Amino acid sequence: MRWEGNRQSDNVEDRRGDGRAGGARMGGRSLGLGSIVIVLLASWIFGINPMTVLGLLDGAGAQAPISAPSGQKPPAHDRMAAFVSTVLADTEDVWTAQFRQIGKTYAKPTLVLFAGQTPTACGRGEAAMGPFYCPGDQQVYIDLSFYDTLQKRRGAPGDFAQAYVIAHEVGHHVQHLLGVSDKVDRMRRQVSEVQGNALSVKLELQADCLAGVWAHHAQAARQVLEAGDIEEAMNAASRIGDDALQQQAGGTVRPDSFTHGSSAQRVRWFRKGLEQGQMAGCNTFDNKAL
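First, a word on scope: everything that follows refers to the structure included in this document. For clarity, every value in this text was computed on a predicted model and none was experimentally measured. (Residues numbered from 1 in each chain as written. Predicted model: local features only at pLDDT ≥ 70, side-chain atom pairs only at ≥ 80, totals over all residues. Heavy atoms only, no water.)

## Re the sheet that holds strand S7 (residues 132-134)
Within the open sheet, the four strands sit side by side as S1-S4-S8-S7. Their pairing is mixed. Of all strands in the sheet, those bounded by a partner on one side alone are strand S1 (12-14) and S7. Neighbouring strand axes in the sheet, compared pairwise and without regard to direction, differ in orientation by 25 degrees on average. Across three bridges, the pairing between S1 and strand S4 (residues 110-113) is parallel. Bridge pairing in S4 links Asp14 to Leu113. Seen against the sheet, helix H3 (residues 79-101) touches S1 and S4 and runs at an angle of roughly 165 degrees to S4. Sheet strands in contact with helix H5 (residues 159-177) are S4, S7 and strand S8 (139-142), and its direction is about 25 degrees off that of S7. (Pairing = 2+ DSSP bridges. Helix = DSSP H or I, 4+ residues; strand = E, 2+ residues; numbered from the N terminus. Axes fitted to C-alpha atoms, helices over the stretch in contact; angles between N-to-C directions. Contact = heavy atoms within 4.5 Å.)

## Observations concerning the state of the cysteines
A complete count under the given rule lists two disulfides for this structure. Here Cys122 engages in a disulfide with Cys134; their sulfurs sit 2.1 Å apart. Looking down the S-S bond of the Cys122 and Cys134 bridge, the torsion is 95 degrees, so its handedness is right-handed. Separated by twelve residues along the polypeptide, Cys122 in the loop between strand S5 (117-120) and strand S6 (123-126) and Cys134 in strand S7 bring together distant segments of the chain. Taken in N- to C-terminal order, the disulfide-linked cysteines of the chain are connected 1-2, 3-4. (Disulfide = S-S within 2.5 Å.)

None of this, on its own, says anything about what the molecule does.
Structure representation (structure tokens):
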């Protein structure tokens, strides 16, 4: 991916040195990373939002705001921070233009770098959760060690695969600004768990499609793609499909427990956004064939 020398976003907050890294706490005792992974795996299998689980373990509801530390700008010599800052800037340029076309103003999210754990408006964020978006503070959170996991444990290397991850979370921000996320949350409270999972899948696949829309316009405007980049993103999407994760965990593939979509579905919707470059083409909710 051609990113060096491009504009970097000012909307990046670095909390990696705030001293809050480590395990979550339960009843005054620290939970180690192994325990966190077990909790997250259980929540994923049963279709529960991991932020809810970890928020409860930490003695606070997932929606209870936690005082956030004052972050700082990433150091200039940090190459990975420069990379994510550049990708974020590119999403800002694309979505500002796309929102302008529909008569709306794009409110830029903040990307928060943290290590281990960090307070958020949605509860306590944990590195073991992977990157996530919190609508309560309109911020994207990422522990950069996730990229090592993506490469070494998920078999999805490459800088464009890493960019896809950020673009997907920014896609959730786009959904929040358009009112889609709130609508889905209201609907999920009125239906069964299986039906709620199906709605979550549609929300996640739409975010994949929106990530593809970003890539389409970033390439058209700035020619950011190099040979093999599309394959990197497709591979990353397939590696984090619900069926692939369940198989890797040694369990039975249970489609009714999916919350993000199968590998094939994630690839299909990312590709659709990439090829069409249209937000309107990302309407997973009115599309029966996901």
